[in-house]
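Okay, here's what each chain looks like letter by letter:
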Amino acid sequence: MADKPSTDDILAKLRKEAQGGGGGDETPASAQPAAETRAPAPPAGETPTSTNDIMAALRAQGGKAASEPSPAPAARTGETPKSTNDIMAALRAQSGKGASPAAESKPAAPKKAGAPASLPDGEKPSVEEMLKGLRGEAKAADTAPAKPAKPTMPPLPTKPPVASKKKEPETRRNFLIALVATPFALAWTAFTASAGAFTLGLARFMMPNVLVEPPSTFKVGPPSDYPPGTVSTKWKAQFAVWLVHAEYEGKSLIYALSTVCTHLGCTPNWLEGEQKFKCPCHGSGFYINGINFEGPAPRPLERHAIRVAPDGMLEVDKSRKFQQELGQWEDGNSKVEVV
Ligand code: FES
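All values derive from a computational prediction rather than experimental measurement. (Residues numbered from 1 in each chain as written. Predicted model: local features only at pLDDT ≥ 70, side-chain atom pairs only at ≥ 80, totals over all residues. Heavy atoms only, no water.)

A. Seen up close, the nonpolar core. Formed by 19 residues in total, the largest nonpolar core has its most connected members in Val 231, Trp 242, Val 244, Leu 257 and Phe 277. Mapped onto this core, the elements with two or more residues apiece are strand 3 (241-248) and strand 4 (251-258). Of all the elements, strand 3 adds the most residues to this core, at four residues. For Val 244, the contacting residues outside a window of four places in its chain are Thr 230, Val 231, Leu 253, Ile 254, Tyr 255, Leu 257 and Ile 288. In terms of nonpolar packing, the next biggest core, distinct from the first, is built from 13 residues, Tyr 226, Phe 239, Ala 256 and Leu 314 among them. (Core = buried A, V, L, I, M, F, W, Y, C linked by side-chain atoms within 4.5 Å. Buried < 20%, exposed > 50% of the residue type's maximum accessible area, 1.4 Å probe, protein only. Helix = DSSP H or I, 4+ residues; strand = E, 2+ residues; numbered from the N terminus. Contact = heavy atoms within 4.5 Å.)

B. Examining the environment of Val 127 more closely. As for its position among the elements, Val 127 is in helix 5 (residues 127-142). For the pair formed by Val 127 and Met 88, sequence separation is 39 residues and the distance between their alpha carbons is 8.3 Å.

C. Inspection of the sheet that holds strand 7 (residues 285-286) at higher detail. The strand order 5-6-7-8 describes an open sheet built from four strands, whose pairing is antiparallel. On the outer flanks of this sheet lie strand 5 (269-271) and strand 8 (292-294), each paired with one strand and no other. Pairing between strand 6 (residues 276-278) and strand 7: two bridges, direction antiparallel. If you follow Lys 278 over to strand 7, its bridge partner there is Gly 285. (Pairing = 2+ DSSP bridges.)

D. Region of the structure containing the pattern of salt bridges. For the structure shown, the criterion picks out eight salt bridges. For the salt bridge of Glu 294 with Lys 276, the shortest nitrogen-to-oxygen distance reads 3.0 Å. In this pair, Glu 294 is assigned in strand 8 and Lys 276 in strand 6, connecting sequence segments 18 residues apart. Relative accessible area serves as the criterion here: at 24%, Glu 294 is assigned to the partly exposed category. Using a relative accessible area of 13% as the deciding quantity, one classes Lys 276 as buried. Glu 315 is the salt-bridge partner of Arg 307, the closest N and O atoms lying 2.9 Å from each other. With relative accessibility at 41%, the residue Arg 307 sits in the partly exposed group. (Salt bridge = Lys/Arg side-chain N within 4 Å of Asp/Glu carboxyl O.)

E. The arrangement of the pairing of strand 9 (residues 303-308) in detail. Examined bridge by bridge, strand 4 and strand 9 share two bridges and lie antiparallel to one another. Counted as the bridge partner of Ala 256 is His 304 from strand 9. In the sheet, strand 9 pairs with strand 10 (residues 314-322) via six bridges, with the strands oriented antiparallel. Considered in strand 10, the bridge of Arg 303 is made with Phe 322.

F. Representation of the side chain of Ser 252 within the structure. The residue Ser 252 is located in strand 4 in this model. Reaching out from Ser 252, the side chain makes a polar contact with the side chain of His 245 at a distance of 2.6 Å. The residues contacting Ser 252, other than those within four sequence positions of it, are His 245, Ala 246, Glu 247, Val 336, Glu 337 and Val 338. (Polar contact = N/O pair within 3.5 Å; in protein donor to acceptor, adjacent residues only side chain to side chain.)

G. Here's a closer look at the environment of Glu 294. With 12 residues separating them along the chain, Glu 294 and His 282 place their C-alpha atoms 9.9 Å apart. Here Glu 294 is in contact with Lys 276, Lys 278, Gly 283, Ser 284 and Gly 285, once residues within four sequence places are set aside. A distance of 3.0 Å separates the side chain of Glu 294 from the side chain of Lys 276, its partner in a polar contact. In this structure the side chain of Glu 294 is engaged in a polar contact, spanning 2.9 Å, whose partner is the side chain of Lys 278.

H. Highlighting the pairing of strand 10. Bridge count for strand 1 (residues 217-221) against strand 10 is four bridges, and the pairing is antiparallel. In the sheet register, Gly 221 faces strand 10, and the bridge partner there is Leu 314. Adjacent in sequence and paired antiparallel, strand 9 and strand 10 are bridged by five residues, among which Gly 312 carries a positive phi angle near 90°.

I. Up close: the state of the cysteines. This structure, assessed with the given rule, holds one disulfide. Here Cys 266 engages in a disulfide with Cys 281; their sulfurs sit 1.8 Å apart. Because the torsion about its S-S bond is -95°, the bridge between Cys 266 and Cys 281 counts as left-handed. Here Cys 266 is found in the loop between strand 4 and strand 5, whereas its partner Cys 281 is found in the loop between strand 6 and strand 7, with 15 residues between them in sequence. (Disulfide = S-S within 2.5 Å.)

J. Just a nonpolar patch on the surface, in detail. A contiguous nonpolar surface patch, about 410 Å² in accessible area, is contributed by Phe 175, Leu 176, Leu 179 and Val 180. For Leu 176, the position within the fold is in helix 6 (residues 167-181). Owing to a relative accessible area of 45%, Leu 176 belongs among the partly exposed residues under this scheme. (Patch = residues over 30% accessible without salt bridge, like charges linked within 9 Å, V, L, I, M, F, W, Y side chains within 5 Å. Areas by Shrake-Rupley, 256 points an atom, 1.4 Å probe, with all protein chains shown as cover.)

K. Structural detail: the packing of aromatic side chains. This model, assessed by the stated rule, comprises eight aromatic pairs. When the centroid spacing of 4.3 Å and the interplanar angle of 35° are considered together, the rings of Trp 242 and Phe 277 count as tilted. Of this pair, Trp 242 sits in strand 3 while Phe 277 sits in strand 6, and the two are 35 residues apart along the sequence. A relative accessible area of 0% means that Trp 242 is categorised as buried. Measuring from ring centre to ring centre gives 5.8 Å for Tyr 248 and Trp 329, while their planes differ by 70°; the resulting arrangement is edge-to-face. In this pair, Tyr 248 sits in strand 3 while Trp 329 sits in the loop between strand 10 and strand 11 (336-337), placing the two residues 81 residues apart along the sequence. Accessibility classification places Tyr 248 together with Trp 329 in one group, the buried group. Through successive ring pairs, a cluster of aromatic residues spans Phe 184, Trp 188 and Phe 191. Its guanidinium or amino end placed over the ring of Tyr 248, Arg 303 lies 5.2 Å from that ring's centre, counting from NZ or CZ. Here Arg 303 stacks its cationic end above the ring of Tyr 255, 4.3 Å away from the centre of that ring. (Phe/Tyr/Trp six-rings, centres within 6.5 Å; stacked < 30°, edge-to-face > 60°. Lys NZ or Arg CZ within 6 Å of the ring centre and 35° of its normal.)

Taken by themselves, the reported measurements are silent on function.
So, in structure tokens, the structure goes:
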């Protein structure tokens, strides 16, 4: 593949042609005086920034190339290019003709980093493009290194759609209404209530009935509260006894008579005017000492045990009873003798 001649080569050829008068004479370029007297070349290692610097560098290279023997013949004879336009016109004319033998023998120069990469092979860059490339290199050297790109966050996983719970209470309410309103549910409700009531009744039946009774032993006060010849009905309603202070067999006694009729268990009444106990059920009558004298009552009223407690009070014990027909009234516990 034939490379195109570089600018140095072209300049060297042009100057050779201008100095040697054309043709293929291989006059050594060192015999010619140096033509670079217009502008000084920029110092080595410094990047040219202006057009004049670039052209001065080109001419300095051309001078160097002219001092070296070049085996390539001149492309054409003519005048020595003096202006920049002439040089560039000659460059473009040669690039249009194709590669010269000298250009083909010379290896292609590596492209600069700042040169436009979009140019196709075989086409020379213009002056403007060369300037842009040089300035781009200068800017690239001054600019700071590019910051590393920030790592992009991976997209968050999308949340699953939350199921709506607004309709759940309404659905539950409807279900409960439908459950309660059906005949089947009503039947089950009635059956459950009946079973519960039966269970409660059975539990109550298993519990024993407790009778609340007054205590069998109780105090009724001092003996002085019961004068001779009197019947006290104070304890009849509460303890079902009469407290009697009367004469019996020549002794002044205080005793406790039961209020239960010996006929069928009715409660007689004390009749103060008649000085007797009268049963309202069948008319049985009893004297003040409890001996029956009329009616169907078969025997005298019973006595309960009585005594004087250590505190001086009369104490009655209903758990013990004394019957006259059995001779139990002779027991000292059936009476309190008042002296
Ligand atoms: Fe008292 Fe019959 S119960 S007389």
